[in-house]
Amino acid sequence: MDDEPDAPDGDVVVDVPDAGDARDTSDADTADSGDGDAGTEDAPLPPLGDHEVRLLVGGGGIASTASPLVVVLQTQPAEGARVTFTFGAGNEVVDAQPPYAIVWTPPPGSPEEVVVEAAVAWTDGWEPATTALRARVRVDEVPPLLDVAIGLEPSSGGRRVEVATSVDDPVGVYGAYVELLGAGTRSTAWLDGGGEFAFEVPSWAAGQYEVVVSGFDRAGNTSTVRQRVLVCREEEVACGSRCVPSSSLAADALNCGGCGIECSAGEVCEVGRCVCAAGLELCDGVCTAVAEDAAHCGGCGRACDGSGACFGGVCAPSALPPMIRVEPATYVIGSPVTEFFREFTEGQHEVRITRPFELGAVEVTQGQWLDQFEVNPSLNWACGDRCPVDNVTWYEAVAYANAVSSAAGLPECYRLDGCGSRPIGGGVVCSTVSVLTDSGNPLDCAGYRLPTEAEWELAYRAGTTTAFYVGDFASLACADLAPLIETAWFSCNSGGVTHPVATLAPNPLGFYDLAGNVFEWTGDSWRSEVPPEPEVDPVGGFTIPDKTVKGGDVGERSNRLRAATRLSANAFGAYPPLLGFRLARTVGESR
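Residues numbered from 1 in each chain as written. Predicted model: local features only at pLDDT ≥ 70, side-chain atom pairs only at ≥ 80, totals over all residues. Heavy atoms only, no water.

K.L.:
Explain the overall build of the protein to me, using residue names and the numbers behind them.
P.N.:
Secondary structure assignment for the protein yields four helices and 35 strands. For the protein, the proportion of its 591 residues judged to be buried stands at 48%. Residue pairs in contact within the protein that sit at least 24 positions apart in sequence constitute 59% of those at least 6 positions apart. When the accessible area of the protein is evaluated, it comes to approximately 26,100 Å², of which 49% is carbon and sulfur surface. (Helix = DSSP H or I, 4+ residues; strand = E, 2+ residues; numbered from the N terminus. Buried < 20%, exposed > 50% of the residue type's maximum accessible area, 1.4 Å probe, protein only. Contact = heavy atoms within 4.5 Å. Areas by Shrake-Rupley, 256 points an atom, 1.4 Å probe, with all protein chains shown as cover.)

Written out as C-alpha cells, the structure reads:
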C-alpha cells in the first residue's frame, strides 16, 4: 500500500516516519509531532508487501491509573515477525504473539498523556524491513461504550462463566480483551469484533472471581467493565455473596426454597416453605404467639376482654393465674429402675387422685406477684412481668396463694404465724403453718394452694409413661435433645437466665414450663423413702422444714427435668435461688 493510513479520531495520534530508504527504516525519525495531529500526513508507508500496519490504542475510558489500557497492533505480519511495545513508563513486551493485543495498567503518578510506540520487523519476500509507529494517549475518562453481559451456567464438573460483549459506536466494533481473575488463577481471551466467550471453572476452584472486559472501537475509544462473579460448586447455588448448599434451601430461613426468599419474624423454613414456628399460629397474616397474645388468646380472633391478660392461651385477669382442669386418674408415680439417670428416691408405686383439681397453666409471673406484693424477690427482675417470679421462700409462696384467694373471693387455705417483720418478697420465713380446714387437709380447701407432689407429677406426665412428656433420652448431649429443647428452658438453650412463660411448646394437657425455667415448690414435706404401697390423694405434712421441689431450672441438665425427679429444699431460706411455683385448687368432690 502506498498511502499512509488516516489517523484515528479522538485522542489518538499516529506518527509515521519518513520513508527514507524504502527497504530499511530501522533508523526512521519517530519524533512526536507534539500538536495532536499526524506528524507526516502525506508520507507513504515503507513497502512491506501487502501488509497494512496500524497502531490502535484505547485512550478513553481510563478513569484512574488503576484502569487498564488496551493496545492493539492491526497487522498480519509473516511468521517470525518481531513485535515490541514500548510505553511511556518504559515497560516493554517483546515478541508478542498474535493477535498482538496488550493490556497495560498505567502506574500511579502517570502523566495525563502516555506515549505508546510499536516497532514491527519481519521478512516477506523483501529484505528485512522495520516500521515504527507512535501514539499519544490521554489518560482521562470518556463515556463508557462497552456493553457486557456476564452470566453463569452449569457445566460438566463445574461452572461456565459466559461473557457477551458489544461496542455501541458508529465507527464499528474492533474487539474486546477479557480476563477472569480469582482462586489464584488468571485466564484471558481476545474477542475479535466483540462477541461471546465462556470460561470453564472446575468445581474444586469455586470461589469469588472478577471478570474484567476491556473493549475498544476503531477510533481508539475504550471502555472497561469489572464485575464480580461468585462461582459455586455443583451441589451449591449462589445466594448473594455466599454459596449455599442446594439441600439447605429446604430449611434455610434466609433462602427458603430459593435465593433471597427470607422468612419473616416468627417463621421457620420447612421443606422450602416459610411456616409459623412451633407455638405460633398465622393470624391476620402474622405468626402470633396465641399463648400470650391478648388479641388472639388460644387461637386467632379470640380476644381477651377489657383488662384480661392471656396466659398459656387462657384469658384471665392479670391478678389471677390461668388454670387448667385435671381430671381424677390412677397412675404410677416415680421411675422404673431401667430409666436413665434415675435416682434412688424415685421409687415407683401406684397413686390414685380422686378429686378434679386446677393447676396453673404457667408459673406465677413477676407481674402477677407485684399485683399482690410490693417487693419483687426475683434475681432476673430485668426479664419483666412475663417471666416467672423466683428466689421465693416456701412461706412466701403460701402467702401468695392466700392473697390470690382473697382477691378471688375464696377462703384462704393457710395460716402463717411467727413470720417476722420482713415484707413478703424480702425472704420471709415463719415459725408455723397450719391448714384452715376442719380436716387439716389442704385438698378440702376451696381456695388457692400449692399442689401436692402427686398432683404435680400427674399434670406433668399428661398420660405419658416416659421419663419426659416428650419421650425418653439416653444422652445428656444437647444435640440429642431436640424435642426437649422445643418445650423446656434448661442448660441447652436458656443461656443461664429465666425466660417469659409460655414461649415454648406446652405439654399434652396445655401446661407450660413444667420442665425447666424455674424449679417449683410443692406443698409436701420431703420424704426420702417413698412407700411401695398404693396411695390415694397423698398429702405431705407441714412439720418437716424440707419441702419437695420439681421440674428443674434454666441451669440444669436434662436429667433434672424428668417427671420423677424430686429434690428437697429448705423452706426456711437455705434453698436454690431459682425457685418459683404455680398454684393449684380443688374443684370437685372425691370419686
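K.L.:
Describe the packing of aromatic side chains, listing the residues and the values that go with them.
P.N.:
As enumerated under the stated definition, the model contains 10 aromatic pairs in all. Ring geometry for F373 and Y400: centres 6.4 Å apart, planes at 65 degrees, overall edge-to-face. Here the residue F373 occupies a position in the loop between helix 1 (366-372) and helix 2 (394-407), and Y400 occupies one in helix 2, the gap between them amounting to 27 residues. The same class applies to F373 as to Y400, namely buried. Every member of this aromatic cluster is reached through a ring pair, and the members are W369, F373, Y400 and F581. Over the aromatic face of W394 sits the side chain of K547, whose NZ or CZ is 4.3 Å from the ring centroid. Here the basic side chain of R585 rests over the ring of Y448, its NZ or CZ set 5.8 Å away from the ring centre. (Phe/Tyr/Trp six-rings, centres within 6.5 Å; stacked < 30°, edge-to-face > 60°. Lys NZ or Arg CZ within 6 Å of the ring centre and 35° of its normal.)

K.L.:
Got a sec to walk through the pairing of strand 29 (residues 432-435)? Specific residues and values, please.
P.N.:
Alternating positions in strand 29 separate cleanly, V433 and V435 being buried on one face and T432 and S434 remaining unburied on the opposite face. Note that strand 28 (residues 414-417) and strand 29 share four bridges and pair antiparallel. Its bridge partner being in strand 29, L416 is matched across the sheet by V433. (Pairing = 2+ DSSP bridges.)

K.L.:
Help me get a handle on the sheet that holds strand 34 (residues 579-580), residues and values and all.
P.N.:
Backbone hydrogen bonds are what pair the strands of a sheet, in a parallel or an antiparallel way. Judged by pairing direction, the sheet is mixed, and its four strands sit side by side in the order 33-32-30-34 without closing on themselves. At either end of the open sheet lies a strand with only one pairing partner, and these are strand 33 (567-570) and strand 34. Of the strand pairs in this sheet, strand 30 (residues 519-525) and strand 32 (residues 546-550) are connected by three bridges, and their pairing is antiparallel. If you follow W521 over to strand 32, its bridge partner there is V549. Its contacts with the sheet put helix 3 (residues 453-461) on strand 30 and strand 32, and the angle it makes with strand 32 is roughly 5 degrees. (Axes fitted to C-alpha atoms, helices over the stretch in contact; angles between N-to-C directions.)

K.L.:
Describe helix 2, and please don't skip the residues or the numbers.
P.N.:
Note that an α-helix has 3.6 residues per turn; residues three or four places apart therefore point the same way. An ideal rise of 1.5 Å per residue puts 20 Å on 14 residues; helix 2 measures up with 20 Å between its terminal C-alpha atoms. Across the 14 residues of helix 2, 12 count as buried, placing the element largely inside the fold. Every buried residue of helix 2 is listed here: W394, Y395, E396, A397, V398, A399, Y400, A401, N402, A403, V404 and S405. Buried residues along helix 2 sit against helix 1, strand 28, strand 29, strand 30 and strand 32. Count one or two residues on from helix 2 and you reach G409, which has phi positive near 75 degrees. (Expected span 1.5 Å × (residues − 1).)

K.L.:
I'd like a description of the state of the cysteines, backed by residues and values.
P.N.:
Per the counting criterion, the structure on display carries nine disulfides. In this model C383 forms its disulfide with C387; the gap between the sulfur atoms is 1.6 Å. With a sulfur-sulfur separation of 2.0 Å, C478 is cross-linked through a disulfide to C492. Looking along the S-S bond of the C478-C492 disulfide, the torsion reads about -90 degrees, which is the left-handed sense. You can see C478 sitting in the loop between helix 3 and helix 4 (482-485) and its partner C492 sitting in the loop between helix 4 and strand 30, a full 14 residues away along the chain. (Disulfide = S-S within 2.5 Å.)

K.L.:
Talk me through the nonpolar core; I want residue IDs and the actual numbers.
P.N.:
Judged by nonpolar contacts, the single largest core of 33 residues is most densely connected at W394, Y400, L450, W521, F581 and L583. Elements that contribute at least two residues to this core include exactly helix 2, strand 30 and strand 33. No other element matches the nine residues that helix 2 contributes to this core. If we skip the residues at most four places from it in the chain, L450 touches W394, A397, V398, Y414, W521, T522, G523, F581, R582, L583 and A584. Ranked by size, the runner-up nonpolar core spans 28 residues in total, among them V326, F357, L359 and L561. (Core = buried A, V, L, I, M, F, W, Y, C linked by side-chain atoms within 4.5 Å.)

K.L.:
Any chance you could break down unusual backbone geometry for me, citing the residues and the numbers?
P.N.:
Although it is not a glycine, A462 adopts a positive phi angle of roughly 50 degrees. Here A462 is to be found in the loop between helix 3 and helix 4. With a phi close to 45 degrees, D537 is a non-glycine residue in the positive phi region. Along the polypeptide, D537 turns up in the loop between strand 31 (535-536) and strand 32.

K.L.:
Before we move on, can you summarise the sheet that holds strand 24 (residues 323-326) with the specific residues and values?
P.N.:
Within the open sheet, the three strands sit side by side as 24-27-35. Their pairing is antiparallel. Where the open sheet ends on each side, the last strands, each with one partner, are strand 24 and strand 35 (584-586). Each strand of the sheet is rotated relative to its neighbour by a mean of 25 degrees, with strand direction disregarded. Pairing analysis gives three bridges linking strand 27 (residues 357-360) to strand 35, with the strands arranged antiparallel. Looking across to strand 35, one finds that F357 is bridged to T586. Across the sheet, helix 3 is in contact with strand 24, strand 27 and strand 35; its angle to strand 27 comes to roughly 75 degrees.

K.L.:
Any details on the pattern of salt bridges? Residues and values, ideally.
P.N.:
Taken as a whole, this structure holds 18 salt bridges when the rule is applied. The partner of E200 in a salt bridge is R160, and the shortest N-O contact between them spans 2.8 Å. Separated by 40 residues along the polypeptide, E200 in strand 13 (residues 195-202) and R160 in strand 10 (residues 158-167) bring together distant segments of the chain. A relative accessible area of 45% places E200 in the partly exposed class. Of the charged contacts, one joins E455 and R449 as a salt bridge, the two residues approaching to 2.9 Å between their closest N and O atoms. Given a relative accessible area of 3%, E455 falls into the buried group. What you see here is one network of salt bridges that share partners, running through E453, E457, R461, K550 and R566. (Salt bridge = Lys/Arg side-chain N within 4 Å of Asp/Glu carboxyl O.)

K.L.:
Go over helix 3, please, and point to the residues and values.
P.N.:
For helix 3, the tally of buried residues reaches nine of nine residues, placing the bulk of the element in the interior. Where helix 3 terminates, the next one or two residues include A462, which has phi positive at roughly 50 degrees.

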